[in-house]
Amino acid sequence: MDLSTRKAKRKLSRRTFLKKSALTAAGIIALPPTAYGYARYAERRWLEVNKVTLSLPRLPQGMDGIRIVQFSDVHLGFHYDADELFRLAETINGLQPDIICFTGDLVDYEIGKDGVRYAEALANMKAALGKFSVLGNHDYFNESAEVAGLLTEGGFRMLRNDLAAVQHGGSTMWIAGVEDMWMGKPDVKEATRLAKPKDFVMLLAHCPDFADVAVDHQVDLQLSGHTHGGQVRIPLLGHVVTPKYGKKYVIGGYTLGDHKLQLYVNRGIGVSQHPIRFLCRPELTVLTLRQA
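Residues numbered from 1 in each chain as written. Predicted model: local features only at pLDDT ≥ 70, side-chain atom pairs only at ≥ 80, totals over all residues. Heavy atoms only, no water.

A. Highlighting unusual backbone geometry. At Tyr245, a residue that is not glycine, the phi angle is positive and equals roughly 65°. One can find Tyr245 in the loop between β11 (238–239) and β12 (252–256). Even without being a glycine, Gln273 presents a positive backbone phi close to 75°. Here Gln273 is to be found in the loop between β13 (261–265) and β14 (283–291). (Helix = DSSP H or I, 4+ residues; strand = E, 2+ residues; numbered from the N terminus.)

B. A look at the side chain of Glu43. In this structure, Glu43 sits in the loop between α2 (33–41) and β1 (48–56). Buried charge without a salt bridge: Glu43, with Arg277 as the nearest opposite-charge side chain at an N-O distance of 6.3 Å. A polar contact is formed between the side chain of Glu43 and the backbone nitrogen of Leu279, at a distance of 2.8 Å. A distance of 3.3 Å separates a polar side-chain atom of Glu43 from the backbone nitrogen of Arg281. (Buried < 20%, exposed > 50% of the residue type's maximum accessible area, 1.4 Å probe, protein only. Lys, Arg positive; Asp, Glu negative; His and termini not counted. Salt bridge = Lys/Arg side-chain N within 4 Å of Asp/Glu carboxyl O. Polar contact = N/O pair within 3.5 Å; in protein donor to acceptor, adjacent residues only side chain to side chain.)

C. View of the sheet that holds strand β4 (residues 131–134). Taken in spatial order, the six strands line up as β1-β14-β2-β3-β4-β5 in an open sheet, and their pairing is mixed. Looking at strand neighbours, the two that pair on one side only are β1 and β5 (157–158), the edges of this open sheet. Where strand β2 (residues 67–71) meets β14, four bridges bridge the pair, whose relative direction is antiparallel. Following the sheet pairing, Gln70 is matched in β14 by Thr285. (Pairing = 2+ DSSP bridges.)

D. Molecular detail of the packing of aromatic side chains. Summed over the entire model, instances satisfying the criterion amount to six aromatic pairs. Relative to Phe102, the ring of Phe71 lies with its centre 4.8 Å away and its plane at 40°, an arrangement referred to as tilted. With a gap of 31 residues between them, Phe71 in strand β2 and Phe102 in strand β3 (residues 99–103) connect regions that are remote in the sequence. Across this residue pair, the class does not change: Phe71 and Phe102 are buried. Measuring from ring centre to ring centre gives 5.1 Å for Tyr249 and Tyr254, while their planes differ by 70°; the resulting arrangement is edge-to-face. Since its relative accessible area comes to 23%, Tyr254 is described here as partly exposed. Cation over ring: Arg281 sits above Trp46, and NZ or CZ is 3.7 Å from the ring centre. (Phe/Tyr/Trp six-rings, centres within 6.5 Å; stacked < 30°, edge-to-face > 60°. Lys NZ or Arg CZ within 6 Å of the ring centre and 35° of its normal.)

And the structure:
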C-alpha cells in the first residue's frame, strides 16, 4: 500500500470513528449521572477474568486441556499507560497460561515516548508454549511496522498472514494470524498455507466479522477483539454501537458453519473514543481447549 493510499484510509478511518463517537455519546448522555460516574471511574478499570471451556472435535489429543489467555484492545496512550500494562502482565502470569494470544489494537493512535516500557511489560508476560499476536486497525494509524516491532521486541510472534506450529504432548496445532480486515489485507489462505487437511488451526483475527470468511477455510477456532463488546451496553437493548467489521459478532462465543468454526470475541482491556464502560467490563479470557 503506497503512502497516499495509507493516508486516505487513515482519514476515512478517523472519520468513521468520529461518527461512531457521536453515536456512542448519544448512549452516554442517556445514562443517569451516577451511572456515568460508575462507568467513567469504576467499571472501565474493573477487570474481569472470564474462564471459558471450548469443546473442539478436531483438537489433537496432546492439546487436550491446554490453557490460552487472550487479551485484546489495550489502546495504550488513551487512558491506559505502561504501569497498567505491567500490572496486566502480572495478572496474566498468575493465570499460568500455556499460550498467550493478543488480538490487536495495542496502541490507540501512536506509540509515543513510552515504547521501551511497553516492550518491557510485554516481555514480562510468560507462556510455556509461546506468545502470538496480530495487529488491529488502530495499530495501522501511524506505522504498523513500528507496532509490530514493539510486539516482537516483547517476545510475541507477529502473524501477518502467517502461521506458527505449536507442539505439546506429542501433538501439533497451528496458530495462524491475518492482517486487519479494516486497515490491512487479510489473506486466510496464505495464513493457513502449511496446514494439512487433518490439522487443527486456531486463527487470530482482530475483526470478528472475518469469521464469515474463515468459515470457508481450514479454521477450527477464531479469536477476535475489536468491538469492546460495545463498551456501553444498555439493559434489555444491548450494545449502543459497534465499529465496522464488528457488527455481526459482538461479544462472547459463537458457532458457524454447523459448528465447523467456533469464534470467541473478547471485550478488550482498554477503551477508545470515550473513557467509559457500562455493563461491559474489560476482559481477560482464559480459554481451556478440550477434545470433544
